Amino acid sequence: MDERTRTLWTKQDRHVGDRERLFRALATARPGLSTVLYAGSYVDVAPSFVCPDVTYVDLDRRAARFFSDHAGVDELLAEHGATGHRVRFIHGSYADALELDDDRFDLLVSLYAGPVSEHCTRYLRPGGHLLVNPSHGDAALASIDPRYRLAAVVESSGDDYSVTDRDLDQYLVPKRDVEVTAALIHETGRGVAYTKSPFAYVFERVASPATSS
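Definitions and cut-offs
- Residues numbered from 1 in each chain as written.
- Predicted model: local features only at pLDDT ≥ 70, side-chain atom pairs only at ≥ 80, totals over all residues.
- Heavy atoms only, no water.
- Axes fitted to C-alpha atoms, helices over the stretch in contact; angles between N-to-C directions.
- Helix = DSSP H or I, 4+ residues; strand = E, 2+ residues; numbered from the N terminus.
- Parallel < 35°, antiparallel > 145°, perpendicular 65-115°, else oblique.
- Left-handed = near helix turned anticlockwise from the far one by under 90°.
- Contact = heavy atoms within 4.5 Å.
- Nonpolar A, V, L, I, M, F, W, Y, C, P; charged D, E, K, R; others polar.
- Buried < 20%, exposed > 50% of the residue type's maximum accessible area, 1.4 Å probe, protein only.
- Lys, Arg positive; Asp, Glu negative; His and termini not counted.
- Salt bridge = Lys/Arg side-chain N within 4 Å of Asp/Glu carboxyl O.
- Polar contact = N/O pair within 3.5 Å; in protein donor to acceptor, adjacent residues only side chain to side chain.
- Arc of directions from axis to C-beta.
- Phe/Tyr/Trp six-rings, centres within 6.5 Å; stacked < 30°, edge-to-face > 60°.
- Disulfide = S-S within 2.5 Å.

J.: How should I be thinking about the packing of helix α1 (residues 3-12) against helix α3 (residues 61-68) in this particular structure?
T.: Two quantities define a packed helix pair, namely the angle between the helix axes and the distance between the axes. Running from N to C, α1 and α3 point in directions that differ by 120°, and their axes come no closer than 9 Å. One way to sum up the angle between α1 and α3 is to call them oblique. Crossing hand, α1 versus α3: left-handed. Seen from α1, the contacting residues are R4, T5, L8 and W9; seen from α3, they are R62, R65 and F66. For the contact of α1 with α3, the residue count by class is three nonpolar, one polar and three charged.

Here you go:
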């Protein structure tokens, strides 16, 4: 493994195992998450410790160097019992058209990366899920997107994560009487303050009226 690969991963995984625990909790709650698209991933390769086929997208040159060390990435996966998992990296902006099939992925990941849902939902299959945290307003954007419905939330307690679909009506309730619009979210550059805020939200992509049975 290239020394830079190890250094980048050590910095990324400074809260050792945190992201792996997140994705394991999600995979347990939502079985069948095989194909994953992680937009704005940087070097967070943790989904590949859990899911067998992950595509990463990022503009950062350090991420490109990290993922170009194929042997090093494979070594990291082997250290976590994920030998044989497929890893693909696209060096570019997720806001640009990607050479990916529409309706392909089981899971779209949006963590601290901006309006991923606006640009990448096309690649998520109906019935697939979006994992999104409140950063940069992407959870709020998903909450008003007719292509999504809230399916669960991710709660964190200490070092553990749990995924629940109970009492979902208590979430996504703004603290202030404000109309949540895409224009407002883009103008402020941040999310909406809600009365109850989990670590992250899990939205399900619903079929459009044209394709639903």
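J.: Which parts of the structure should I look at to understand the side chain of D138?
T.: The residue D138 is located in helix α6 (residues 138-143) in this model. Among buried Asp, Glu, Lys and Arg side chains, D138 stands out as unpaired, with R147 the closest opposite charge at 8.3 Å. Side chain to side chain, D138 and S117 meet in a polar contact 2.6 Å long. Contacts of D138, omitting those with residues within four sequence positions, involve S110, G114, P115, V116, S117, E118 and V132.

J.: Which parts of the structure should I look at to understand unusual backbone geometry?
T.: Trans peptide bonds make up the majority, and among non-glycine residues the majority have a negative phi. Unlike most non-glycine residues, D103 shows phi in positive territory, near 55°. Residue position: D103 is located in the loop between β3 (86-91) and β4 (105-110). For D103, a relative accessible area of 41% corresponds to the partly exposed category. A positive phi angle, close to 50°, is found at D167, a residue other than glycine.

J.: Help me understand α1, please; the structure alone is not making it clear to me.
T.: By the burial criterion, the buried members of α1 are T5, L8 and W9. Taken around the axis of α1, the buried residues stretch over an arc of 95°, which confines them to a single face. Opposite the packed face of α1, turned more than 90 degrees from it, sit the exposed residues E3 and K11. Close packing links the buried residues of α1 with α3 and α4 (70-79). Sitting at the amino-terminal end of α1 is D2, which places a side-chain oxygen 2.7 Å from the backbone nitrogen of R4.

J.: Mind showing me how you'd approach the packing of aromatic side chains here?
T.: Enumeration according to the criterion identifies 10 aromatic pairs in this entry. Here the aromatic rings of F23 and Y38 are separated by 6.3 Å at their centres, their planes lie at 55°, and the arrangement is tilted. Of this pair, F23 sits in helix α2 (residues 18-29) while Y38 sits in strand β1 (residues 35-39), and the two are 15 residues apart along the sequence. Residues F23 and Y38 agree in their burial class; the two are buried.

J.: Explain the side chain of T5 to me, please; I cannot follow it from the model alone.
T.: Relative to the helices and strands, T5 resides in helix α1. In contact with T5, other than residues within four places in its own chain, are F66, D69 and G72.

J.: I would appreciate a short explanation of the environment of R21 in the present structure.
T.: Here R21 lies in helix α2. Residue classification places R21 among the partly exposed positions, given a relative accessible area of 29%. For R21 and F49, which are 28 residues apart along the polypeptide, the C-alpha to C-alpha distance reads 9.9 Å. Ignoring anything within four residues of it in the chain, the contact list for R21 reads V16, D159 and Y161. There is a polar contact of 2.7 Å between the side chain of R21 and the backbone oxygen of D159.

J.: Mind showing me how you'd approach the environment of H186 here?
T.: Inspection of the secondary structure assignment puts H186 in helix α7 (residues 182-188). Residues H186 and S117 lie 69 residues apart in sequence; the distance between their C-alpha atoms is 13 Å. For H186, the contacting residues outside a window of four places in its chain are P115, E118 and L141. At 2.9 Å, the side chain of H186 forms a polar contact with the side chain of E118.

J.: Would you mind going over the state of the cysteines with me for this structure?
T.: Disulfide: a covalent bond formed between the sulfur atoms of two cysteine residues. Inspection of the entire model under this criterion finds zero disulfides. Left unpaired, C120 is separated from the closest cysteine sulfur, that of C51, by 17 Å.

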